[in-house]
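Here's the letter readout for the chains.
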Amino acid sequence: MARRVSIVPHTHWDREWYAGFQSFRLRLVHVLDDLLASMSADPSYAHFMLDGQMAVIDDYLAMRPEATAALTALAVEGRLSVGPWYVLMDEFLVSGETIIRDLQLGLAKAEPFGGAMEIGYLPDMFGHIAQMPQLLRLFGFQHAVVWRGVPAAIDRTAFWWRAPDGSTVRAEYLPTGYGNGAAMPDDAAHLVGRLEAWEAAHAARLGPDAAILWMNGSDHHAPQTHLGRVVAAARPLAAGHFDLAVTTLTAHLAAAPTDGLPSWSGELRSGAHANLLMGVTSNRTDVRQAAARAERALERIAEPLAALLLPADQWPQALLDEAWLQVIRNAAHDSVGACSIDSVVDAVLHRYAEAEQIAEGLTLDALAALGPRLALAGPVAVNSTGRTRSGLVTVKVVHGRLTTGGQVVGGTDELEPMFVMPAANAVAVLGEILDWTPGIRWVTVDDTEAEVRVEIDVRPGGSPEAGRSPEAGRSPEAGRSPEAGRSPEAGDGRPRAKAMLAVIADADPARPVRAIRRQLAVDEVLVRAADVPAFGWAAADPAAALPVDAVRVIEHETSATASNGLVTVEVGPRATFAINGVEGFGQLVDDGDAGDTYNWCPPDHDEVVTGPEAIHWRVVERGPLRARVEIEASYVWPERHDDASGRRVGQRATCVVTTIEIQAGDPLVRVTIEFDNQSDDHRVRVWLPLPRSAMTSRAECAFTVVERGLDAEGGPTEVALATFPSRRFVQAGGLTV
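Residues numbered from 1 in each chain as written. Predicted model: local features only at pLDDT ≥ 70, side-chain atom pairs only at ≥ 80, totals over all residues. Heavy atoms only, no water.

On the secondary structure map, E172 appears in strand β7 (residues 168–173). Here the side chain of E172 touches R170 through a polar contact of 2.7 Å, side chain to side chain. (Helix = DSSP H or I, 4+ residues; strand = E, 2+ residues; numbered from the N terminus. Polar contact = N/O pair within 3.5 Å; in protein donor to acceptor, adjacent residues only side chain to side chain.)

Glancing now at the packing of aromatic side chains. If you walk through the whole model with that rule in mind, you get nine aromatic pairs. Centroid distance F577 to F585: 6.1 Å. Interplanar angle 25°. Geometry classified as stacked. Assessed through its relative accessible area of 3%, F577 is described here as buried. Aromatic rings pair up to connect W17, Y18 and F24 into one cluster. A cation over an aromatic ring shows up here: R269 above the ring of F92, its NZ or CZ 4.7 Å from the ring centre. Lying across the ring of W600, R683 places its NZ or CZ 3.5 Å from the centre. (Phe/Tyr/Trp six-rings, centres within 6.5 Å; stacked < 30°, edge-to-face > 60°. Buried < 20%, exposed > 50% of the residue type's maximum accessible area, 1.4 Å probe, protein only. Lys NZ or Arg CZ within 6 Å of the ring centre and 35° of its normal.)

For the rest of this paragraph, the subject is the sheet that holds β7. Strands sit in the order β4-β5-β7-β6-β10 across an open sheet of five strands; the sheet is mixed. Either end of the sheet is taken by a strand with one partner, and the two such strands are β4 (120–122) and β10 (263–265). Averaged over all neighbouring strand pairs, the angle between strand axes comes to 25°, with direction disregarded. Judged from the four bridges that link them, strand β5 (residues 143–146) and β7 form a sheet pairing that is parallel. When the sheet's bridge partners are listed, V146 is paired in β7 with Y173. (Pairing = 2+ DSSP bridges. Axes fitted to C-alpha atoms, helices over the stretch in contact; angles between N-to-C directions.)

Turning next to the packing of helix α10 (residues 285–309) against helix α11 (residues 317–330). Remark: α10 packs on α11, axes separated minimally by 10 Å, with the N-to-C direction vectors making an angle of 155°. By the criterion of interaxial angle, the relationship of α10 to α11 is roughly antiparallel. Considering the relative orientation of α10 and α11, their crossing is left-handed. Here A294, E295, L298, E299 and E303 of α10 come into contact with α11, specifically with L320, A323, W324 and V327. (Parallel < 35°, antiparallel > 145°, perpendicular 65-115°, else oblique. Left-handed = near helix turned anticlockwise from the far one by under 90°. Contact = heavy atoms within 4.5 Å.)

The next subject is unusual backbone geometry. In the segment running from G83 into P84, the intervening peptide bond is cis, with an omega of 15°. By the element assignment, P84 lies in the loop between β3 (80–81) and α4 (96–110). Positioned with a positive phi, D51 is a non-glycine residue whose angle comes to about 65°. Counting through the fold element by element, D51 comes out in the loop between β2 (48–49) and α2 (55–61). For D531, which is not a glycine, the phi torsion comes out positive at approximately 55°. One can find D531 in strand β18 (residues 522–532).

Here it is in structure tokens:
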């Protein structure tokens, strides 16, 4: 019986990578222009798959909206496969919520085109999360297609893949990737020869019954217009051996065998057969931080608060859609993976910043809607999570009025210079400030000198006097009458101030205007908000007694100890510190990285720096709510890697500041490490000692906690790196980070 060969024409399209998005989109426009022309002219070109992601269509139609009807017709006819994803994401570098939003958006975008391909197409991700089979089944999918990450234990081209909850999908494994049928020869005999060679190389995996999945395409490949003709010519040459058909991935999987397949449970993170690119999880810390900030701001703060506090008719759907679109676009594996040119990483950071800005604005809108409805007086702590929480918040009180329970950590001067600029510019700038600054009490404009002086009186957080003007006949300075040209007499003075500035600017656009912010001196005070209910709020009273043990700091001649009754931190003459008697936390280790853009690649002759040249520590805050100790360590790290010698050369003095913080009532030790990186070609790790030995670690990933051993599985082209990704924590040997 002839072996079935399913030929699936496709392209794998990275939106951005070694070139920027706009450069790749220009290529995409040319590729899809040619595809539409070819498929229209040649019915034998039966099918094409657009990489399982709808961003390809969105990006193309933004430039070619007139092609919508042609694309839709091909998709509805079944000649074009679209979706189900919006982008092909990195599963470990984005949150589980982002993965779900990615799939939801892809399915929604595919609806006008007749619906998405119902396959979890995952061709190039750098490994796969344990929960992916469950997510696919929840969306009604029964199949996945994978390449990277499949372990050596899988010896077939298909296997049953099981999630931690027991959900299972049939996974089609691409043993040589998604391009085994790329660059199809324009010669039938040559095509048959390539198929025979591939079959011989993978005969043990295929067995006697499995069909060959021949993926005709690869990264940014254009369709091959001779495909239909060559396949037709190859059929008689291959008769009895191969049964060739240009088809869809869906059709191939519908006929794929299911009996006798091996099984695998959990995540796929092996480099046995294909490079997993394990080191991507720890590159470009700035991108990792930006992703975490944006996702947290949307998932855990803005959306919950908007749902809780805004009226239904004010639900900010369009703004949330815009923020999520930026986050989802960034989820593409070569975008969030940050193994791209610098301009691509800059674009990724910009999109995350925009998403975070939207989330912060929506959060403020929701809180503003809550304020007028509160019966509580004074500051309030709002909890946007689904569990009762206690913790520290910062509030502002009039200087000197703190009584008990709080800790002063900062303050605001009474007068704050804002800017000096020509009147022509000041009109617009001050207009914005006056319209949008909360808590303005009054505004004055002094037009009697060469330089116009504008004072804006602000009471942070509002005050009982907010909105009142100074008493009639009196200026804000007690005992002084309003000077000529001032305008405190009507309301808060804002309309008159704007009008006066407009007149001044018309008369002399270059006249300097000096703006000054005036406010009561305030203290920034830490307050412990206790037992704030889930999705609720509670008073954060600076005068309330501390409900837990206070933080205490004891300084000795060469060391300091900070404790809150739950955890004790000791800092001494070393660059590391001790927690509850366990020494050695926070050691920095710097070693070289010759670099392959994805994984750590040690130099031939490395120089490893395990300690500083000198250290200095100081107590920054002493409690009672928060204690902070700062360790300043001076390191000398090599400057760069020299390719010719395979050694690290040069020297760079680097100051590393480690801030250790404990809070009242909290068993966590918070650590921040900061330095200005002046060295190239290196990696910096922090070493944390385990209270006891461990054979496994546990880490949170998307919707599950994954347990891993001490080793990773590498392969012939990738050294195994036993470094693993986590979302919010990793736990081993009695330590949780």
